[in-house]
Amino acid sequence: MRFDILGRPDFSLLRVYYDATGEQTFAEAGAMVSMSSGIELQTKARGGLLSAAKRAVLGGESFFQNTYTASAANQELWLAPGNEGDIATKELAPGEVFFLQSGSYLAHFGNELAIDTKWGGVKGFFSGAGLFMLRMTGPGLVFYSTYGAIRQISLPAGGPLTVDTGHIVGFTQNVQYKVRAFGGLKGFFFSGEGLVADFTGEGTVYLQTRNPSALATFLYPFRPVQNN
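Here the structure is a predicted model, which is why all the values come from computation and not from measurement. Counting starts from 1 at the beginning of each chain's written sequence and moves along it residue by residue. For a predicted model such as this one, the threshold for reporting local features is a pLDDT of at least 70, and the threshold for listing and counting side-chain atom pairs is 80 or more; totals across whole chains, interfaces and linings nevertheless cover every residue. In computing side-chain values, all of the structure's heavy atoms are included and hydrogens and water are not.

### Description of the pairing of strand 6 (residues 65-70)
Turning to step 1, where the next piece is worked out: Three exposure classes are used, based on accessible area relative to the maximum for each residue type with a 1.4 Å probe and protein chains only: buried under 20%, partly exposed in between, and exposed over 50%. Each helix corresponds to a stretch of at least 4 residues labelled H or I by DSSP, and each strand to a stretch of at least 2 residues labelled E; elements are numbered beginning at the N terminus. Within strand 6, six of the six residues are buried, which leaves the element mostly enclosed by the surrounding structure.
Turning to step 2, where the next piece is worked out: Residues Gln65, Thr67 and Thr69 line one face of strand 6 and the alternating positions Asn66, Tyr68 and Ala70 line the opposite face, and both faces are buried.
Turning to step 3, where the next piece is worked out: Of the pairings in the sheet, the one linking strand 5 (residues 39-44) to strand 6 comprises six bridges and is antiparallel in character. Note that in strand 6 the partner of Gln42 across the bridge is Thr67. Any two strands are treated as partners once DSSP identifies two or more bridges connecting them.

### Some thoughts on the nonpolar core
Turning to step 1, where the next piece is worked out: Grouped together as the largest cluster of nonpolar side chains are 17 residues, with contacts concentrated most on Leu14, Tyr18, Tyr68, Leu77, Leu79, Leu106 and Phe143.
Turning to step 2, where the next piece is worked out: Taken together, the elements giving at least two residues each to this core come down to strand 2 (13-18), strand 6, strand 7 (75-79), strand 10 (105-109) and strand 13 (140-145).
Turning to step 3, where the next piece is worked out: Two residues form a contact once any of their heavy atoms are found within 4.5 Å. Once residues within four sequence positions are removed from consideration, Leu14 is found in contact with Phe3, Asp4, Ile5, Leu77, Trp78, Leu79, Ile87, Leu106 and Phe143. To define a nonpolar core, start from buried Ala, Val, Leu, Ile, Met, Phe, Trp, Tyr and Cys residues and group those joined through side-chain atoms within 4.5 Å.

### So, unusual backbone geometry
Turning to step 1, where the next piece is worked out: The residue after Arg8, namely Pro9, is reached through a cis peptide bond having omega -5°.
Turning to step 2, where the next piece is worked out: In this structure, Pro9 sits in the loop between strand 1 (2-6) and strand 2.
Turning to step 3, where the next piece is worked out: The omega angle of the peptide bond from Gly138 to Pro139 is 20°, so this bond is cis rather than trans.
Turning to step 4, where the next piece is worked out: Of note, Pro139 is situated in the loop between strand 12 (132-137) and strand 13.
Turning to step 5, where the next piece is worked out: Even without a glycine there, the phi angle at Asn74 is positive, about 60°.
Turning to step 6, where the next piece is worked out: When you line up the elements, Asn74 lands in the loop between strand 6 and strand 7.
Turning to step 7, where the next piece is worked out: According to the relative accessible area criterion, Asn74 is exposed, its value standing at 68%.

And the structure:
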C-alpha cells in the first residue's frame, strides 16, 4: 500500500494506492472523496460502542469510522478533511503515544493503532483547543489535517515554548503544557491573544499556521443581520 499527498499546503488531498487484495485504510466518516470499484466499505463503531461514544462526545470525532478494504489489486482511494489546509503523517512505533487536537484526525494505516481521549483540563475548554485531545498509541501510520500549513517545532532546551492555543495541533508523549492568560488579565482581554500554552519537556509540538477562531472573528461583522 502506498500514498501521495497532493495540493499542499492549501487544499491537501490524500491518495491511497492498494497494491494487493486485503489492504485496509481506516478513516474518519465523511472524508471519502472518491474510490475505485474494487474497494469495499465497512462502517462501524471502531473499538466498541463505549469507545466510539467517548471519541465522539469527548474527542470531537465522529461516532462511526469507515474501513476501506481492497478486494482486488491496483485500487485507489481519495480522502480529504473538511477544512482547507495541509495533511501530514506521523509514524508511531509500538507503544508510542501521540496527542492530537480533536478534529484533526483524518485516517490511519494499521489495525493495531488505538485511538482514545485524554482529559485536557477545564482550561482547555476555554482555550478553544478542545476539552479533550485524542491519544493515539502505535503501531500505525496516522494522517492528520490542519487549518493552514503545518509546522513542527522542537522544544528549546533552555526554557518553555509559548503557543497560542488556537494554533496547537498536537505534541509528542514527553511534552507537558500549562495554559495561562497571555500578558495577565489585561492582556487576556485587550491583547487579542487570549490564552496561550507553555510547553516544556523533550519532544515536538505541531502547529497550524491559521486559527479557526480568528477566522470566525474576522467574518463576524459580515454576517447577515435580519432587522425586525
